[in-house]
Amino acid sequence: MNEATPELDYLYSSRAANIKQSAVRDVFDISMREGLVSLAGGNPYLQSLPLEKLGNLAHDILAQEGMTALQYGNGQGTSELREAICHVMAEEFILDASPENVVVTAGSQSALDITCKVFCDPHDVVLCEDPTYVGALNTFEANQVAVHPVRVDEHGLVPEALQEAIVALRAEGKTVKLLYTIPSFNNPSGITLSAERRQQIVNICKQEGLLVIEDNPYGMLKFEGEFNRPMRADNPEDVLYLGSFSKIFAPGLRVGWALVPERFQRRFYLANEAVILCPPTLNQMLVTSYLENHDWKGQVATYRELYAKRCAAMIAALEEFMPESISWTVPEGGFFVWLTLPEGVDTYPLLHTGIEAGVVFIPGAAFSPTQENPNKLRLAFSAVDEESIREGVKRLAPVLIQAIAAAEGAAAS
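From a predicted model like this one, the values you see are computed outputs, not experimental measurements.

Engineer: Just to check I follow, could you spell out the pairing of strand β12 (residues 336–340) for this structure?
Structural biologist: When a strand is regular, its side chains alternate between the sheet's two faces. In terms of burial, β12 is a largely internal element, 4 of the 5 residues being buried. Of the pairings in the sheet, the one linking strand β11 (residues 327–328) to β12 comprises 2 bridges and is antiparallel in character. The residue bridging W328 from the neighbouring strand is L339, located in β12.

Engineer: Mind showing me how you'd approach the packing of helix α11 (residues 296–321) against helix α13 (residues 386–412) here?
Structural biologist: For any two helices packed against each other, one specifies the inter-axial angle together with the distance between the axes. Their axes nearest at 9 Å, the elements α11 and α13 cross at an angle of 30°. Crossing hand, α11 versus α13: right-handed. Here K309, R310, A313, M314, A317, L318, E320 and F321 of α11 come into contact with α13, specifically with E386, I389, R390, V393, K394, A397 and I401. Residue classes in the contact of α11 with α13 are distributed as 9 nonpolar, no polar and 6 charged.

Engineer: So what exactly am I meant to see when it comes to the nonpolar core here?
Structural biologist: Within soluble globular proteins, side chains that are nonpolar generally end up buried alongside one another. Counting 84 residues, the largest nonpolar core has M89, F245 and L339 as its most contacted members. Residue contributions to this core peak at 11 residues, all from α11. In this structure, L339 is in contact with L318, M322, I326, S327, W328, N375, K376, L377, L379 and L400, ignoring residues within four places of it in sequence. Residues V103, A111, C128 and V147 belong to the second largest nonpolar core, which totals 26 residues.

Engineer: What is the right way to look at the packing of aromatic side chains in this model?
Structural biologist: Tallied over the full model, the rule gives 11 aromatic pairs. Residues Y218 and F335 carry aromatic rings whose centres are separated by 5.3 Å and whose planes lie at 70° to one another, so their mutual orientation is edge-to-face. Here Y218, found in the loop between β8 (211–215) and β9 (239–244), pairs with F335, found in the loop between β11 and β12; they are 117 residues apart in sequence, far enough to count as distant. Pair check on accessibility: Y218 and F335 agree, each one buried. Aromatic side chains Y218 and F336 sit 5.8 Å apart centroid to centroid with 80° between the ring planes, which places their arrangement in the edge-to-face category. Here F336 lies in strand β12 and Y218 lies in the loop between β8 and β9, a separation of 118 residues in the sequence. The same class applies to Y218 as to F336, namely buried.

Engineer: How should the pattern of salt bridges be read in this particular structure?
Structural biologist: A side chain with one charge can pair with a side chain of the opposite charge if their charged atoms come near. In the structure shown here, the tally under the stated rule is 14 salt bridges. As a salt-bridge pair, K297 and E91 come within 3.1 Å of each other at their nearest N and O atoms. Of this pair, K297 sits in helix α11 while E91 is found in the loop between α4 (79–90) and β2 (102–105), placing the two residues 206 residues apart along the sequence. For K297, a relative accessible area of 45% corresponds to the partly exposed category. Salt bridges linked by common partners bring K206, E237, D238 and R263 together as one network.

Conventions used here
- Residues numbered from 1 in each chain as written.
- Predicted model: local features only at pLDDT ≥ 70, side-chain atom pairs only at ≥ 80, totals over all residues.
- Heavy atoms only, no water.
- Buried < 20%, exposed > 50% of the residue type's maximum accessible area, 1.4 Å probe, protein only.
- Helix = DSSP H or I, 4+ residues; strand = E, 2+ residues; numbered from the N terminus.
- Pairing = 2+ DSSP bridges.
- Axes fitted to C-alpha atoms, helices over the stretch in contact; angles between N-to-C directions.
- Left-handed = near helix turned anticlockwise from the far one by under 90°.
- Contact = heavy atoms within 4.5 Å.
- Nonpolar A, V, L, I, M, F, W, Y, C, P; charged D, E, K, R; others polar.
- Core = buried A, V, L, I, M, F, W, Y, C linked by side-chain atoms within 4.5 Å.
- Phe/Tyr/Trp six-rings, centres within 6.5 Å; stacked < 30°, edge-to-face > 60°.
- Salt bridge = Lys/Arg side-chain N within 4 Å of Asp/Glu carboxyl O.

Pasting the structure below:
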């Protein structure tokens with residue numbers, strides 16, 4: 001059905017004006033075109049999954065427990081999956097999680113929407129990194145929540161900048177409720193919040209009465225060494241933790257979770273139930289069976305090695321083809337590299353130029369609550385083989401070099 005006719009526009013809520021498609025989705029269909037190298041979407045590499053085994057697991061679930069798998073389920077999620085999720089989080093040093101405080105959601109994106117519904121009134125303020133996840137920005141906007149950026153450096157959120165932002169906003173009469181953060185391998189920047197700053201950040205929020213929303217979809221995809229300790233590990237009452245199977249298993253199942261401080265658990269669970277009634281039982285049972293019957297830790301180790309090689313290929317290609325005037329982050333995990341071009345270059349118009357050159361990326365302004373990152377862009381290496389990564393960067397370099405030259409010429413004239 002087409003858009004409402006003008007005389008019916010009054011049916012829209014004021015909230016509907018804030019609902020829009022993300023820049024990532026804008027280029028999704030384009031990136032599927034034959035011949036294009038897509039360095040745009042942060043898709044996990046699913047080809048190494050044991051698909052035949054997963055098919056057998058799904059068959060067994062339906063054949064043996066079909067009446068349960070296809071029926072309505074518990075609005076909080078199955079007890080078996082919530083127990084398994086606690087074991088998954090224990091691998092990242094969250095050792096005190098209770099299944100009672102785990103709420104299974106339709107991906108962590110849904111958990112963000114529930115968080116807004118439970119904690120935020122229209123025009124309340126959420127603080128976040130700049131840049132941050134575009135899906136979070138869209139969720140906040142759709143819920144009429146004001147988003148205020150906090151300065152980030154190479155070590156992540158700057159504690160002093162966080163404190164200053166809270167004080168300044170409250171002096172303006174604003175109600176500041178939450179800090180939303182992706183501390184490990186931030187999407188889109190790839191930056192990791194340093195271990196030294198993590199507790200500082202939580203302490204500031206606790207002192208100022210803010211709840212920390214820790215989004216950690218990439219935490220287990222650290223290329224080398226021990227996993228980063230989540231902020232939630234030492235702060236069970238002050239951090240609401242979001243996790244997802246989208247990056248370590250399969251995004252199509254749409255299974256994520258929230259580990260909610262006990263005092264907020266019931267409201268959060270009821271709000272989740274009001275939105276989705278119950279998470280899909282079949283999908284939950286498949287995830288549980290996968291965790292029980294497959295070496296999922298070995299699968300994660302395979303991903304870590306694979307993504308490390310692809311990231312290294314991207315960094316090598318950037319060093320080979322990009323001019324000195326362009327800089328980039330060097331992530332320790334995750335899916336993304338963040339490029340910074342000279343001031344005066346707007347990467348959004350370059351999206352179409354890049355497509356003509358055979359490569360797709362995401363412009364940086366899409367990831368900023370103020371759209372103040374016009375001279376930046378995100379490249380994803382997760383779903384592309386090393387040879388294609390090099391070719392994509394090679395195709396992109398002349399586009400960026402030409403844009404820089406044009407900007408310098410305009411500035412000189």
